[in-house]
Amino acid sequence: MAPGLRETRSRLHGPPRNRPLRAAVLLVGALTAVPLAVLFSAWASPETAVWEHLAATVLPNLLRNTAALVLGVGIGTLILGCGLAWLTARCEFPGRRWLDWGLMLPLALPAYVLAFVVQGLFDTAGPVQRLLSQIPGLERVSFEARGTPWVIAVLTLAFYPYVYLLARAAFLGIGRGTLEAARLLGLGPWGTFLRVVLPTARPAIVAGLALAVMETLADFGAVSVFNYDTFTTAIYKAWFGLFNLPAAAQLASLLLLLVALALAGERRLRGAARFHETARGAPPPRIRLAGWRAILAATAGGAVLAVGFVLPMTQLVGWVAVSAGGGLDDRYWALLGRTLLLGGSAALVTVTGALLIGLARRRLGDRPSRIAADLSALGYALPGSVLAVGVMLSFAGIDNALNTLWRLAGGGSLGPVLSGSIAALLLAYLIRFLAVANGPVDSALERLRPSVVEAARALGARGLDLARRIYLPLLRPGLLTAALLVLVEVMKEMPATLLLRPFGWDTLAVRIFEFTSEGEWQRAALPAVTLVLAGLGPVIWLARRSAGAHESS
Amino acid sequence: MRSTATLLAAVLVATVLTPIAATAAEVVVYSARNEQLIKPLFDTYTAKTGVGVRFITDKEGPLLARLRAEGANTPADLLITVDAGNLWQAAEVGVLAPLDSPVLEGNIPAHLRDPGGQWFGLSIRARPLVYSTERVKPAELVSYEDLADPKWKGRLCLRTSKKVYNQSLVAMMLARLGEAETARVVQGWVANLATEPFASDNQVMEAIDSGRCDVGIVNTYYFGRLAKERPAMTVAIAWPNQASSGVHVNISGAGVTRHAKHPDEARRLLEWLSSPEAQGLFASLNLEYPANPAVAADPAVAAWGSFKADPANVAEAGRLQAAAVMLMDRAGYR
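To keep things clear, this report deals only with the structure shown in the data block. What you see is a predicted model, and the numbers here were worked out from it, not measured in a lab.

1. A word on the state of the cysteines
For the structure shown, the criterion picks out 1 disulfide over all chains. Covalently, Cys-157 of chain B is tied to Cys-213 of chain B through a disulfide, its sulfur atoms 2.0 Å apart. The chirality of the disulfide connecting Cys-157 of chain B with Cys-213 of chain B is left-handed, given an S-S dihedral of about -105°. Here Cys-213 of chain B lies in the loop between helix H8 (201-209) and strand S7 (215-217) and Cys-157 of chain B lies in strand S6 (residues 156-157), a separation of 56 residues in the sequence. You can call Cys-157 of chain B buried: its relative accessible area is 0%. Of all cysteine sulfurs in the structure, the one in Cys-91 of chain A sits closest to Cys-82 of chain A, which takes part in no disulfide; the separation is 13 Å. A relative accessible area of 9% places Cys-82 of chain A in the buried class.

Here it is as structure tokens:
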């Protein structure tokens, strides 16, 4: 082998020379690991009494409910997400262009808002049943909009966009050649979908599914609207009801462990199978749906959009009208500004973190960077308040140490340095939303052909120059997708923002909390609508851009 | 794109590096009582005294965890929370400082403040019964305990036991009746439920209004709000336990923190909040009852009638909260 070639090889696969990259990825790994370690450290004194009590009373029911939700929401988001993504990405029917981006809109709506609106509209005392009772023959129909099926339905509608978004991008990326080859080998449309398209898109679909399931596990807001007990309920019961934060941390760490095992298990099942799109070529022609198929497709998409987005938005706008815009004052602009500023900064920080992790996994490929990468995805499965407290405890610990050192050095009281700072808040966002950014960043990196980077290196590009001239332009679409997803997520985020924001840093989500925590939903409608509208911009732009990019390629 | 990033970075660095300015004439408050219920009072106080008030709001649990973790470094001078259980817990973990204030002791009755002087009630929240005016006669409603009687089978609606208001209610019952009798009552409630417990007091009243059940237990201010929204609602308040222990009441209240940087300013703010001048506003902002007996309740609140309140010290609700939660879990009250 020629010496020059070997050198190139060793840079790509061999012992890493990327000291800065390695240092950076270990820093990200450590930042995410510290708050998680704080949670696990609660096991130092096992709260046996609490565990015994929970096991003897509520735990069996909670586990049943949680399993039902994970299974139901998992299947639901898979069917809705993949089915709708296939329809909008690869088929043609009336309304497809609208649904293509419209089906992403529920992302902008917090799950607990959807839960509250659906519960209010459909429950016994709600307008839907009042209307039904007017219809002859249905006067005696009465049901409660609660229980497992309702919770599954609401969470599915709230979380399917993750699967939809990632599956859609994967379906759009499948080239004409692959599909034609499948046809030539004798597969029909369904056979192609099941045996070629789905396996090829599997990593993307699984990434979306993992997000949906982790959101389900971490959710507290939506399930508590239905008074539906899940594992998260036990965590909060231990903390708020039994005043036992260590027991809550123990429960939460158990949840984390389960998620980590599930993620590792999936990776092992997938094994060494890799699907590379070799020659993209022209996009394959869309499947034209006609007659009842077209109607069915349009109805399915339209119904999901109607219940998942139009209905709750209509209700929110109605409430704003009832409260006559009460509470709209000049502070509103500041709220919106801070919401966007925090979201934007968090997006920047989180996407940078995801990029470092993705690069390290590819370029370094060693155990520490793999562990850092795996750790970084876990924060998404933690209930928000628990993660926030983990971050807060870490920073308070560092502050206390700093103060002690300062006093020993002869200084006075330093006061809080990190806690209550923007840095703490951004760290919490980073840990929570790295999992969201990882997917799009990873698939962007996947598409980056190593030969391009090698060529640039051969021409003398190094370090930041390489990043600026090669990586950033080529990765931009993926990075933007990740950034916008994180932006929308951070704007909706509530528990970490509440606990860790500096004084005066109220956001729209904080305003929503102030009202909903006392049950004043009508007054919460104005900040909620503003939040959704602020999130709509990025979501629509995201959808349009990705559709445009693929149509024109 | 890049210039936006630079701008963001600049703003961030500036914010991160800005020291938390601690001027002498201010009080820093951690509050689990919502902004709309405290800010008007703080604004009035600042206008009157020139002392600024900075505050941050959150749920009680996270706020308390933060106060504990920050220890001596905490910027907080005053902790305001809802529910005596949370105040008791704050005192228990040692984040509050005992206060020797004749003003507060004069303004706030003994059963609405910590015997050790670490916290003081600022408003009273009563949790009476509500009933269907179409299907129940007020005379039938005797007490919380009576709702365990089989005559209410299939007619009772309750909010979830995960809400602290119900935990306090059962904790005070534990203090009064003991373990066995309280367990009997709670089991009776569960047996009488018309449907699974609800997520909110509002849902309880809506269920009564729509005929799903006949009687429930809610805080008065939720009733006040819903009644204003739906004048045609066929739900009314009944005051239970008038011949015995009195209506269950809870408080919202506050205490000066152990490591307060402005303890004197914090004490003065707390004293002012207990004064007749502030008490009317403090309670009426949320349709609650003033803790200071010298101050009359808001006319809208007074219209629900007067009642005998439970005179037991609300600190018991904190001491027995964990026991109450476990008791409700065992009784299958979700």
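2. Focus: the sheet that holds strand S2 (residues 52-57) of chain B
The strands that make up a sheet are held in pairs by hydrogen bonds between backbone atoms, and each pair lies either parallel or antiparallel. Residue and element names in this part refer to chain B. With mixed pairing, the 6 strands of this open sheet are ordered in space as S2-S1-S3-S9-S4-S10. Where the open sheet ends on each side, the last strands, each with one partner, are S2 and strand S10 (289-290). As paired strands, strand S3 (residues 78-82) and strand S9 (residues 249-256) are joined by 5 bridges and run antiparallel to one another. Residue pairing across strands places Val-82 opposite Ser-252, the latter belonging to S9. Sitting on the sheet, helix H3 (residues 60-70) touches strand S1 (26-31), S2 and S3, and the angle it makes with S1 is about 130°.

3. Some words on the nonpolar core
It is characteristic of soluble globular proteins that their nonpolar side chains tend to be buried jointly. Core analysis: the biggest nonpolar cluster contains 186 residues, and Phe-171, Leu-316 and Leu-500 of chain A have the highest contact counts within it. Among the elements that make up this core, the one with the highest residue count is helix H18 (residues 422-447) of chain A (17 residues). Ignoring sequence-local partners within four residues, the contact set of Leu-500 of chain A consists of Ala-388, Val-391, Met-392, Gly-420, Ser-421, Ala-424, Leu-425 and Ala-428 of chain A. Ranked by size, the runner-up nonpolar core spans 82 residues in total, among them Leu-87, Leu-193, Ile-251 and Leu-320 of chain B.

4. Comments concerning helix H16 (residues 367-376) of chain A
Residue and element names in this part refer to chain A. Taken residue by residue, H16 has Ser-369, Ala-372, Ala-373 and Ser-376 as its buried positions. Along the axis of H16, the buried residues cluster in a sector spanning 100°; they form a single face. Where H16 is buried, its residues meet helix H2 (19-40), helix H15 (331-363) and H18.

5. A word on the pattern of salt bridges
All names here are of chain A. Evaluation of the coordinates by the stated rule reveals 38 salt bridges over all chains. The residue Asp-100 makes a salt bridge to Arg-168 at a minimum N-O spacing of 2.8 Å. With a gap of 68 residues between them, Asp-100 in helix H5 (residues 96-102) and Arg-168 in helix H8 (residues 148-172) connect regions that are remote in the sequence. Here the two residues Asp-100 and Arg-168 agree in accessibility, since each one is buried. Across the pair Asp-465 and Arg-469 runs a salt bridge whose closest N-O atoms are separated by 3.6 Å. Note that Asp-465 and Arg-469 are positioned in helix H20 (residues 463-492) at a spacing of 4 residues, about one turn of the helix.

6. Section: a nonpolar patch on the surface
Residues Ile-398, Leu-402, Leu-405, Trp-406, Leu-408, Leu-414 and Val-417 of chain A make up a contiguous nonpolar surface patch of about 660 Å² in total accessible area. Looking at the secondary structure, you find Leu-408 of chain A in helix H17 (residues 384-408).

7. Points about empty space enclosed by the protein
One pass over the full model with this rule turns up 4 cavities of 30 Å³ or more. Approximately 50 Å³ is the volume attributed to the largest cavity. Every residue lining the largest cavity is counted, 11 residues in all, and those nearest its centre are Ser-419, Gly-420 and Phe-503 of chain A together with Arg-66 and Pro-75 of chain B. Split into classes, the residues belonging to the lining of the largest cavity amount to 6 nonpolar, 2 polar and 3 charged.

8. Section: the pairing of strand S5 (residues 129-132) of chain B
Residues and elements named next belong to chain B. Here S5 shows no split at all, with Leu-129 and Tyr-131 on one side and Val-130 and Ser-132 on the other all buried. Note: S5 against S7, 3 bridges, orientation antiparallel. Looking at S7, one finds that Val-130 is bridged to Gly-216.

9. Here's the deal with the interface of chain B and chain A
Across the boundary between the two partners, chain B contributes 61 residues, which contact 60 residues of chain A. Interface of chain B and chain A: buried area, both sides summed, is about 5,200 Å²; carbon and sulfur atoms make up 57% of it. Residues Arg-334 of chain B and Asp-229 of chain A are paired through a salt bridge, measuring 3.1 Å at the closest nitrogen-oxygen approach. Taken together, chain B and chain A are joined by 30 residue pairs in polar contact (both at pLDDT 80 or more). The dominant element in the side of chain B that touches chain A, judged by the number of residues it contributes, is H3 of chain B, at 7 residues. Partitioned by chemical class, the residues of the side of chain B that touches chain A number 26 nonpolar, 18 polar and 17 charged.

What counts and how
- Residues numbered from 1 in each chain as written.
- Chains lettered and ligands numbered in written order.
- Predicted model: local features only at pLDDT ≥ 70, side-chain atom pairs only at ≥ 80, totals over all residues.
- Heavy atoms only, no water.
- Disulfide = S-S within 2.5 Å.
- Helix = DSSP H or I, 4+ residues; strand = E, 2+ residues; numbered from the N terminus.
- Buried < 20%, exposed > 50% of the residue type's maximum accessible area, 1.4 Å probe, protein only.
- Pairing = 2+ DSSP bridges.
- Contact = heavy atoms within 4.5 Å.
- Axes fitted to C-alpha atoms, helices over the stretch in contact; angles between N-to-C directions.
- Core = buried A, V, L, I, M, F, W, Y, C linked by side-chain atoms within 4.5 Å.
- Arc of directions from axis to C-beta.
- Salt bridge = Lys/Arg side-chain N within 4 Å of Asp/Glu carboxyl O.
- Patch = residues over 30% accessible without salt bridge, like charges linked within 9 Å, V, L, I, M, F, W, Y side chains within 5 Å.
- Areas by Shrake-Rupley, 256 points an atom, 1.4 Å probe, with all protein chains shown as cover.
- 1 Å grid on protein atoms, 1.4 Å probe; cavity = no way out; pocket = protein on both sides within 12 Å on 5 of 7 lines; lining within 4 Å.
- Points joined across faces, edges and corners; volume = space filled by probe spheres on them.
- Nonpolar A, V, L, I, M, F, W, Y, C, P; charged D, E, K, R; others polar.
- Buried area = accessible area lost by both parts, 1.4 Å probe.
- Polar contact = N/O pair within 3.5 Å; in protein donor to acceptor, adjacent residues only side chain to side chain.

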